[in-house]
Each structure stands twice: as C-alpha cells, then as structure tokens.
Amino acid sequence: MKERKPLLAFLFVVLMVVFLTACSVNTEEISNSADEAFNSRNYQAFNELYEKLNKANDEKANNYLEKVKENKLFSADSYNSISELSDGLDELVVIEKEVPSLSEYAKMKSSELNSKFTILKTVDYILVTQAPELESLVSKANNPVILMQEYEDVKEAISALETLSSDLNTHIINVEALDKKDSNSTGLLEAMKSQKENIDSKINYLKTNSAKIISSNSLILEGNIFGLMNSTDISQEMESIDSQIAISLSDLKQRATNLKTIY
C-alpha cells in the first residue's frame, strides 16, 4: 500500500502536466483562430473565440486583447489618404457595434481617425479647390469690376464667392467640432476664419455697390468723365479687398501645406 502512494502521486503529476500542456496548446490555437477571424472581418467568429479564450484563461484573454489593439486598423498613422481613412472609419464603426470586447477602444480610435480625416479633407479642399479658384484669372470670383457691365455679371461674381465662403465655412465647422486640436489645426482654423471674413467683405462690397458699379461702367462706355472717376475709386477699393484676400490665402495655403506634410 505504501509503495502505491508514490506511484499514484507520480501519475497525478504526469496527468496534471499533460492537462496543463493541453490547455496551453488550446489557448494558443484559439488565439490564432481569433486572429484569422478578426483579420478576415468575421467578427461573429472572433467574438465566439474570444469568449472561449476568456473562459479558458481570463488573463491570457486580456493579454490577447491588448495584442489585438495593436492591429494597424486602429492606428491613424497607418492611413495615408482620405479614401483609406474613410474606409478605416467605416470599419471601426462596425467593430464598435459588433465587437463588445473592443467597442470602447474602437470608439476612442474612431475619434483619432476622424481628426486626421477632417484635417486632410480640409487641406485637400484648400489646396485643390479654394486656392486655385481664387488665384485663377478666369475665375468668376475674380471678375474685374471694370468688366461688370450688367447686374448679371455682378451676380455671377457674388455667386462664385458665396460658394467659396459657404464651402470654407463647412470645413471651419468640421474642424471646430474636433474633440482634440493641436496648435497646427488651431492655426489652420484661425486662418480659414480670416479668409472667410475677407471673402465675405468682397461679397458685401459687391452687393452694396452693384448699382454704382454698373452705372459707372455704363458711363465710361459713353465717354463720361464722372463714370471714369467713379470706376477708379471702385477699382481701388476692390484692389484693397483683393489684396487682403491674397494675404490671407497665402497664409492659409502655407498652413495647409505644412499640415499635409505632417499628416
């Protein structure tokens, strides 16, 4: 009887080793399967495997979840374009809704991705649309007052400027709404506000003086000296406004270019 006790103890140790080894292999296999499910966007399977892992060993499950959080899907730095960021944001929304274990983390990372997405979209608008439109000599927004013979000519210039102002205001609102803003995005925001203010000044001037502009140009065509004098005054006032727009636009472009490099 005494001889059997050491033998039983030995067998017990062997069985425990085999059992623990089997458990270790099992959790590793579950983790690998969960990785495959997550990377293939099969979130239902991922949830089931994670729950299974959590029941087998909650410590290993927590460690595994921290590893999943290192996936490039959650990193804003892994996205290099507006389209990539848009796709990433869509995927994080899905994870937030369908993966309970990662819901809060996905929500937090969505905020980071959205900041980068908003800034890059704003930068793209400034450099691709706003600046070229205001710098183009054939743009209706830059139509010289001396060529505005009819109210329709003034109306076209006002409409073009209002579109630029409205679009810029949309980006101002979007940047203002960001949860976190660094000095670069704050500087861009202030530059956009300054630019919008100058564009609005030109809009208001054209609206207020549309009749004067048209009548002065009509008198010039008739050879009237008073028309020429009025036109000269109007041109000088408009040049002053355009100069302010050019200055604020230069600052805005510089800030946008810097942010494009940073992001």
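Each value, and the rule that gives it
Residues numbered from 1 in each chain as written. Predicted model: local features only at pLDDT ≥ 70, side-chain atom pairs only at ≥ 80, totals over all residues. Heavy atoms only, no water. Core = buried A, V, L, I, M, F, W, Y, C linked by side-chain atoms within 4.5 Å. Buried < 20%, exposed > 50% of the residue type's maximum accessible area, 1.4 Å probe, protein only. Helix = DSSP H or I, 4+ residues; strand = E, 2+ residues; numbered from the N terminus. Contact = heavy atoms within 4.5 Å. Salt bridge = Lys/Arg side-chain N within 4 Å of Asp/Glu carboxyl O. Arc of directions from axis to C-beta. Polar contact = N/O pair within 3.5 Å; in protein donor to acceptor, adjacent residues only side chain to side chain. pLDDT = per-residue confidence, 0-100. Axes fitted to C-alpha atoms, helices over the stretch in contact; angles between N-to-C directions. Parallel < 35°, antiparallel > 145°, perpendicular 65-115°, else oblique. Left-handed = near helix turned anticlockwise from the far one by under 90°. Phe/Tyr/Trp six-rings, centres within 6.5 Å; stacked < 30°, edge-to-face > 60°.

(A) Examining the nonpolar core more closely. Met-192 and Leu-206 are the most contacted members of the largest nonpolar core, which totals 37 residues. Residue assignment for this core shows that the elements contributing at least two residues are α5 (103-135), α6 (151-176), α7 (183-221) and α8 (225-262). Ranked by the residues each element gives to this core, the list is headed by α7, at ten residues. Beyond its immediate sequence surroundings of up to four residues, Met-192 is in contact with Thr-122, Ile-126, Leu-168, His-171, Ile-172, Val-175 and Leu-252. Listed in part, the 29 residues of the second largest apolar core include Ala-45, Tyr-50, Leu-53 and Tyr-105.

(B) Fine view of the side chain of Lys-202. By the element assignment, Lys-202 lies in helix α7. Residues contacting Lys-202, with those up to four places away along its chain left out, are Ala-141, Asn-142, Leu-161, Met-238, Ile-241, Asp-242 and Ile-245.

(C) Representation of the pattern of salt bridges within the structure. As enumerated under the stated definition, the model contains twelve salt bridges in all. Linking Glu-156 and Lys-140 is a salt bridge whose minimum nitrogen-to-oxygen distance equals 3.4 Å. Of the two residues, Glu-156 sits in helix α6 while Lys-140 sits in the loop between α5 and α6, which places them 16 residues apart along the sequence. Note that Glu-176 is salt-bridged to Lys-193, the shortest N-O span being 2.9 Å. Here Lys-193 lies in helix α7 and Glu-176 lies in helix α6, a separation of 17 residues in the sequence. Look at Lys-193 and you get partly exposed, because its relative accessible area is 32%.

(D) Representation of helix α3 (residues 58-68). Listing the buried residues of α3 in full gives Ala-61, Tyr-64, Leu-65 and Val-68. Looking down the long axis of α3, one finds its buried residues gathered within 100 degrees of arc, a one-sided arrangement. For α3, the side-chain oxygen to backbone nitrogen distance between the N-cap and Glu-59 is 3.2 Å, and the N-cap itself is Asn-57.

(E) The arrangement of the environment of Asn-258 in detail. Here Asn-258 shows up in helix α8. Judged by relative accessible area, which is 38%, Asn-258 ranks as partly exposed. For Asn-258 and Val-123, which are 135 residues apart along the polypeptide, the C-alpha to C-alpha distance reads 9.4 Å.

(F) Looking closely at the confidence of the model for the protein. Chain-level statistics for the protein give a pLDDT mean of 88 and a share of 86% at 70 or above. The low-confidence segment residues 1-5, where pLDDT is below 50, has zero contacts with residues more than four positions distant or belonging to other chains. Within the model, pLDDT remains below 50 along residues 7-23, and this stretch shows zero contacts once partners closer than five positions in the same chain are excluded.

(G) Examining unusual backbone geometry more closely. A positive phi angle, close to 65 degrees, is found at Arg-41, a residue other than glycine. Assessed through its relative accessible area of 38%, Arg-41 is described here as partly exposed.

(H) Representation of the packing of helix α2 (residues 43-56) against α3 within the structure. Two elements in contact, α2 and α3, have axes whose closest approach is 6 Å; the angle formed by their N-to-C orientations is 140 degrees. Judged by the inter-axis angle, α2 sits oblique to α3. Together, Phe-46, Tyr-50, Leu-53, Asn-54 and Ala-56 of α2 and Asp-58, Lys-60, Ala-61, Asn-62, Tyr-64, Leu-65 and Val-68 of α3 make up the contact between the two elements.

(I) How the structure looks around the packing of helix α4 (residues 82-98) against α5. Running from N to C, α4 and α5 point in directions that differ by 160 degrees, and their axes come no closer than 9 Å. Considering the angle they form, α4 stands roughly antiparallel to α5. For the crossing formed where α4 meets α5, the hand is left-handed. Counting all contacts with α4, which are made through Ile-82, Leu-85, Ser-86, Gly-88, Leu-89, Leu-92, Ile-95 and Glu-96, the residues of α5 involved are Ser-103, Ala-106, Lys-107, Lys-109, Ser-110, Leu-113, Asn-114, Lys-116, Phe-117, Leu-120, Lys-121 and Asp-124.

(J) Broad picture of the environment of Ile-158. Mapped onto the elements of the fold, Ile-158 is located in helix α6. On the accessibility criterion, Ile-158 (7% relative accessible area) is buried. Distance from Ile-158 to Lys-140, taken between C-alpha atoms, is 8.5 Å for residues 18 residues apart in sequence. Excluding residues that lie within four positions of it along the chain, Ile-158 makes contacts with Ile-203, Leu-206 and Lys-207.

(K) Inspection of the packing of aromatic side chains at higher detail. Taken as a whole and assessed by the stated rule, the structure comprises six aromatic pairs. Between Phe-38 and Phe-46, the ring centres sit 5.3 Å apart and the planes meet at 55 degrees, which makes this aromatic pair tilted. Across the pair, exposure class does not vary: Phe-38 and Phe-46 are buried alike. Centre to centre, the rings of Phe-46 and Tyr-64 are 6.4 Å apart; their planes meet at 35 degrees, and the pair counts as tilted. Pair noted here: Phe-46 is in helix α2 and Tyr-64 is in helix α3, with a separation of 18 residues, a long-range link. Connected via pairs of aromatic rings, a cluster forms that spans Phe-38, Tyr-43, Phe-46, Tyr-50, Tyr-64, Phe-74 and Tyr-105.

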